[in-house]
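The chain contents come next:
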Amino acid sequence: MLRHILSLDLTVTLFIFWVAITTMISCLCVLLLFLLSSVISADPCTSHKLLSGQYKRSSGYRLQPSDVAISDNFLNSGWYRFHSGAGDDMVGSAPLVSECGTIYPIWMQGTLPSDADGEVTRTACIVGLFNTCGSTLSIKVKSCGGYRVYYLVPPPQTSTGYCIGEGSPCPAGQSSSTGFTPCQANTPVNTDPRVNVSLENGDLFPNAPMFRPVEAVFQCQHPEPSGGPYWYDTYWYINNDEVKVVENRPYQDNQSWLYPRDWVHKYNMNMVVKCSVRVRQSDGGTPGHHNYSQDFQAGMFPASSTYTVKEGETISIEFTVTVPMGCFDINRQQMCKNRIYVLTPEYQSAVGSCQNYTGQGGVSFEENECGILIESSTWWHKKILNVTGKPDGLINARDRDTNIRLGTQTFSAEDPSGVWFNFTMPDIKIHLYDVDKNIANKLCYARTDPRMDTFDEKYWTAQLAGEFIMYRDVRNKIAVHALFSSCTWPWWLGQGPCGCGIAVRFEDSLFVYRTCQEISYRYATPLIHHDTVYHICDNRHMVVDIGNPWTKITLPTGAIVEYRVGRNWLYNIHITPSIFDENNVDGLCGNPNDDKTDDFTPRGSSSSTTDKNVFQSSWRVDINSSESLFGPNPALNSSDFELQKYCECATEMSSYLDSLSNHYTVNCSIAAKSVVCSEDSTSESFTSTCDRHKHRYKREINPDSDDVKETQSLTVDPQFDFNFTPPTPTWKNGWTESAARTHCENAIFGNQAVVECQKYIAMENKTNGAVEDCILDIRDAGTTEFVSYTVESLNRVCFEQIKKYEVFYTTNGTQSESVIDIIGKMVCPENCSANGVCSAGVCICSSSFVGVDCSHAKASPPVNTTLPEKGLCKSNKRACAKTNIYGYFQSDVVHVKFVLFEITGSGKSSPISTHTTQATYVSSTIIKADFPTSSRRKRSASLFGSGFDISLSYDGTNFGDTMPLVIFNDECYICSAVTLECNLTTSCSDSTTSETSTDAGPITTMPSGGQSSQHPVGGGTKPRTTPIPNVDIEEDVPLGLMVAPCVLLALILIIVSMLLFMKLRPNSRPSPSFPGSDTVECGQPPVQHGRPLSPPPQYDSINPGPHTEKAHSEKRPQTPSAITMEFLKMPNTPAENG
């Protein structure tokens, strides 16, 4: 490139300089013109505001009783031009009070200027009650050829306006060319115009003849009067403003139409369009009177502006569209669509909050991009917006009112005419009727062994074991099943069952929690760790909130399922119905219809029974059937239809530059006409991917190989008799019914939370039912152990029901706390055992205690904990980077101590290092702990495996018993976590005689000095790689990337300029001469004298091609300095000398 630059002749060089200088001068001229244009004031003849059609400003018009006086005190200072048939200039003599359409007219002293006068200053007088010039204003006037413009200022008072023109409207039977005086009598010609709108060909793309655009055009249609021909003047008005006048045109001339270009960007849809026609009896003759059309409502209009909808109910709002949508091509009308979105008024609270007491919107919409679609090809069809009253789960203090606003604020490229641009429809008012009061205090529960209560408060005891349908909504494919089996307490053997499982299904999503292995009357078989199935296809199918001890599951209908885990049993199962459940659900919970007589209706029957065992057994499910949710093959219905989504639109765009995608859909729910709060969702770790093409559920392979869950399938005791009914227990341990009643009434009626709750809501039936349950628990158990669970359940019912009332979230003048806050401090388990503070129904324990009731000393570590797979981690099958730990954990903060050891042929080594970390809390029965990590190292053949002694603590100081975990490769070794020994297998004896790299996760050890050292664990032979974390890349281009090309270009230009300068600069050094030098002809090489010239450098070798690299490798200069020296020794070429 340098050779080419240096070889340029003088002409080319001068041409380059000329182009550069010309470009620079052009840029400077453009900049100078821009600066000059910014300082030159605009000519008021071309820069002013036009006020047309305001004929009432004329001195010939007197203010009428029905008129609103013109008040120019709202006028902005500036240049104005007036145009109306009554005159275009300010009057030069004083009008009377109440003339010119106002009370106090303003007139101008002095004469009108001529064009030669330029801009002049005049005095404007305000007519007073007692004089013609009570006060004055200074204005300016300029003549612009055929009209004048005025610089006006706002007067200092209301009902004061500038007086323009002197004409008055022609009376009936007279007319003039302007419609104002002077008038003359004429023969009236009447016609009956009406506004019509249609799609007509438009000249929108003159340079694109392949397109045939159509646009919405208004036509003032009327029958042609007899006795013609006539000529017509057509006047167009929008919202009573005159927008277009076409005079002296033949009948139905298309120049008389109102085109989008006449009004778009000045007016928006949902406007009133009107036209008038004046008839001329000859071409250019005097026009007659105005014939006005009826008002034409242009836009989209609802059938009503006010609607009432119940919570959970859907109504359809019908809209009429009166103006078509244009299209860029008449042959592609099916592609042209206009989207009218739902916009929330700015004064309305936004949705998206999960708090109960909020002012969020009360309606939801079907997910058609949250609005209405207008298609160019079928624009005249009726449009429907389905509006659903949003259940808020609250018994509202009053019915709610909300508003719907429809509009579009983006320009549609499909309709370049812009007719529907920036359209906003007036608000539609929605009155939302609260129906949550219909399910107030309705709750179905299974308590302790289990004591049952239906939705309509029918109390009974379930004596049968097995899987039972508690709640079923066939219409929405929702089911809640409970599992009952023998309890662990020996005095219950052969008698009533206890709850040990809950399963919730919605369509093809399933959540299961199970604590027992077998259904039996004879014995109890609690699981070592509880079995949990998370097969949730969509977090809108259900929202699972895992808590300790209560877990809450929210269904899309608004129904809520809660259960309380107590070590190996489910002491309480609560089901709260939704507003959609009346006469739509069945099962052991019955039908929430306020009718107890139908609560004991067996499955498949239409009549109730008095035999509770017959009723209960009819809802039993065979665990081997597809109906079972606990069995191996539950049929999860992935129906072919998709539930309609319902959306809320919470914000509107601030300008047409704003992105509509940021606003029109805030929260959608797959729901049976209900909306789950958009902030709530099931944890991602609890969500699996569902194959909707399969109708059977099977457990999926967990991609985390260390997340080992040794699930044991549910079985049935071989001696289980489905026809067996346990006998009614008898009183034991000295208890009598009277003694039990006294104890239970003292415990329940003396409960502070129950006493306080009954002040606000009806709790009498539930309290009496709890007393009866308590008495039966003492009879069956012979102890008061379960009284606390009954009291806790009743407190939970109290608090959850109180939270359903909107009024209890606020404070009044006499209370500093709301009722919710007050009750929330009274309903904690065991009142936090005096070791903590109760807040919102949850214990906040002091520093020395843990547990849901703060009864467990923090210094006492977890006990009876186990590891999966008998404490063995096989590195060729698992990552062996972490482990699950099973047990019953009183706190979500558990410290884990790892003591590293190795296993060789001599057995377990001494402790190598100790590391302490905090486990990840999964549930009250499962925690996860990550192994310490470090870099890899080579291991010797004598190392068979490695592992940890694992112990747990709540306070990080007091650790419990150790659990050994051994990490090894089972392809080469057989190890035991009991003996802590490993034996080499014969199939792998040869491959382990030489050193191999370890495969197990590395361990960071902490020697006594405090510095970390590194040890590998395990004896695997398969290498693993650590995944590279994803790195987010900023999408916005940094400023440096934009500036860098400019800087680089500037440097290149500087270098080229320097090289050209060096080329053109006279050579000051004498040319070298040689003895006997001869003259060299142009184009000939110089004559060599004495010694040969150096050959030209091999530039090819600096950047060889793909086929010459090897050949040129020997010719390359070895260093950059060598290349430079070769370049300096290069002789002048013939072209350069020429």
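Bear in mind the structure is a predicted one, so any value in this text is a computation, not a measurement.

### Thoughts on the pairing of strand 57 (residues 963-968)
- With 5 of 6 residues buried, strand 57 is to be regarded as a mostly interior element.
- Bridging between strand 48 (residues 872-874) and strand 57 involves 3 bridges; their strand directions are parallel. Paired with Lys874 across the bridge in strand 57 is Phe968.
- Pairing geometry for strand 56 (residues 943-953) and strand 57, over 5 bridges, is antiparallel. Along strand 57, the bridge assignment pairs Ser946 with Ile967.

### So, the packing of aromatic side chains
- Inspection of the entire model under this criterion finds 29 aromatic pairs.
- Arranged with centres 6.1 Å apart and planes meeting at 90°, the rings of Tyr55 and Tyr61 form a pair that is edge-to-face.
- Overall, Tyr55 belongs to the partly exposed group, its relative accessible area being 31%.
- Summarising the aromatic geometry, the rings of Phe600 and Phe615 are spaced 4.7 Å apart at their centres and angled 20° between planes, so their arrangement reads as stacked. Note that Phe600 is positioned in the loop between strand 39 (569-576) and helix 3 (612-618) and Phe615 in helix 3, a separation of 15 residues in sequence. Phe615 carries the same exposure label as Phe600, and that label is buried.
- Here the aromatic cluster, defined as three or more aromatic residues joined through ring pairs, consists of Tyr521, Phe720, Phe722 and Phe724.
- Over the ring of Tyr259 we find Arg261; its NZ or CZ atom is 4.4 Å from the centre of that ring.

### Details of the sheet that holds strand 32 (residues 497-506)
- Read across the sheet, 6 strands follow the order 35-33-32-31-30-40 without closing on themselves; strand pairing throughout is antiparallel. Of all strands in the sheet, those with a lone pairing partner are strand 35 (526-535) and strand 40 (620-621), marking the two edges.
- Pairing of strand 31 (residues 478-486) with strand 32 involves 9 bridges; the strand directions are antiparallel. Directly across from Val480, in strand 32, lies its bridge partner Val504.

### Considering the side chain of Thr985
- Relative to the assigned elements, Thr985 resides in the loop between strand 59 (981-984) and strand 60 (996-997).
- Judged by relative accessible area, which is 14%, Thr985 ranks as buried.
- A distance of 3.3 Å separates the side chain of Thr985 from the backbone oxygen of Glu971, its partner in a polar contact.
- Setting aside residues up to four positions removed in sequence, Thr985 forms contacts with Glu971, Cys972, Tyr973 and Ile974.

### Thoughts on helix 6 (residues 764-781)
- Counted at 1.5 Å a residue, the expected span for helix 6 with its 18 residues is 26 Å, and the 26 Å between its end C-alpha atoms agrees.
- Helix 6 sits mainly inside the fold: 13 of its 18 residues count as buried.
- Just downstream of helix 6, Gly782 is the residue with a positive phi angle, here 70°.

### Details of the nonpolar core
- Core analysis: the biggest nonpolar cluster contains 63 residues, and Met470, Tyr471, Ile502, Tyr563 and Ile575 have the highest contact counts within it.
- Those elements that provide at least two residues to this core are strand 27 (444-447), strand 30 (466-473), strand 31, strand 32, strand 33 (509-516), strand 35, strand 38 (560-566) and strand 39.
- Ignoring any residue separated from it by four or fewer positions in sequence, one finds Ile575 in contact with Leu443, Cys444, Phe455, Met470, Tyr471, Val480, Ile560, Val561 and Cys589.
- One finds Val195, Ile372, Ile404 and Leu432 within the second-largest nonpolar core, a separate group that totals 51 residues.

### Describing the pairing of strand 12 (residues 231-238)
- Across the 8 residues that make up strand 12, a large majority, 7, are buried.
- Of the pairings in the sheet, the one linking strand 12 to strand 14 (residues 271-280) comprises 8 bridges and is antiparallel in character. Bridge assignment links Asp233 to a residue of strand 14, and that residue is Arg278.
- Where strand 12 and strand 13 (residues 241-249) come together, 6 bridges link them in antiparallel fashion. Residue pairing for strand 13: Tyr237 is matched across the bridge by Glu242.
- Hairpin connection from strand 12 to strand 13: 2 residues lie between these consecutive antiparallel strands, with Asn239 at a positive phi of about 55°.

### Some points on the confidence of the model for the protein
- Per-residue confidence for the protein averages 77 on the pLDDT scale, and 72% of its residues sit at or above 70.
- With pLDDT under 50 throughout, residues 992-1039 is counted as low confidence; its partners more than four residues away or in other chains account for 108 contacts.
- Across residues 1067-1138 the pLDDT falls below 50, and counting only partners more than four positions away or on other chains, this stretch makes 34 contacts in the model.

### Digging into the sheet that holds strand 38
- Overall, antiparallel pairing links the 7 strands, which are arranged 29-28-27-39-38-37-36 in an open sheet. Looking along the sheet, the strands with just one partner apiece sit at the ends: strand 29 (459-461) and strand 36 (543-545). Ignoring which end each strand starts from, the neighbouring axes of this sheet average 15° apart.
- Bridge count for strand 36 against strand 37 (residues 550-554) is 3 bridges, and the pairing is antiparallel. Bridge pairing links Asp545 to Lys552 in strand 37.
- Where helix 6 meets the sheet, it contacts strand 27, strand 28 (451-453) and strand 29, and its direction lies at approximately 20° from that of strand 27.

### Considerations on the state of the cysteines
- Applying the stated criterion across every chain yields a total of 16 disulfides.
- Between the sulfur atoms of Cys828 and its disulfide partner Cys838 the distance amounts to 2.1 Å. The sign of the 85° torsion about the S-S bond sets the Cys828-Cys838 disulfide as right-handed. Highlighted residues: Cys828 in the loop between helix 8 (819-824) and strand 44 (836-839) and Cys838 in strand 44, separated in sequence by 10 residues. The same class applies to Cys828 and to Cys838, which are both buried.
- There is a disulfide in this structure between Cys873 and Cys880, and the S-S distance comes to 2.0 Å. Because the torsion about its S-S bond is -115°, the bridge between Cys873 and Cys880 counts as left-handed.
- According to the relative accessible area criterion, Cys880 is buried, its value standing at 0%.

### Describing unusual backbone geometry
- A cis amide bond, omega 0°, links Thr181 with the succeeding residue Pro182.
- Within the secondary structure, Pro182 is located in the loop between strand 8 (174-175) and strand 9 (184-185).
- With an omega of 10°, the peptide bond running from Gly228 to Pro229 counts as cis.
- Structurally, Pro229 is set in the loop between strand 11 (214-221) and strand 12.
- Phi angles above zero are rare outside glycine, and Asn240 is one such case at about 70°.
- Mapped onto the elements, Asn240 comes out in the loop between strand 12 and strand 13.
- The class of Asn240 is exposed, set by a relative accessible area of 65%.

Rules of the game
- Residues numbered from 1 in each chain as written.
- Predicted model: local features only at pLDDT ≥ 70, side-chain atom pairs only at ≥ 80, totals over all residues.
- Heavy atoms only, no water.
- Buried < 20%, exposed > 50% of the residue type's maximum accessible area, 1.4 Å probe, protein only.
- Helix = DSSP H or I, 4+ residues; strand = E, 2+ residues; numbered from the N terminus.
- Pairing = 2+ DSSP bridges.
- Phe/Tyr/Trp six-rings, centres within 6.5 Å; stacked < 30°, edge-to-face > 60°.
- Lys NZ or Arg CZ within 6 Å of the ring centre and 35° of its normal.
- Polar contact = N/O pair within 3.5 Å; in protein donor to acceptor, adjacent residues only side chain to side chain.
- Contact = heavy atoms within 4.5 Å.
- Expected span 1.5 Å × (residues − 1).
- Core = buried A, V, L, I, M, F, W, Y, C linked by side-chain atoms within 4.5 Å.
- pLDDT = per-residue confidence, 0-100.
- Axes fitted to C-alpha atoms, helices over the stretch in contact; angles between N-to-C directions.
- Disulfide = S-S within 2.5 Å.

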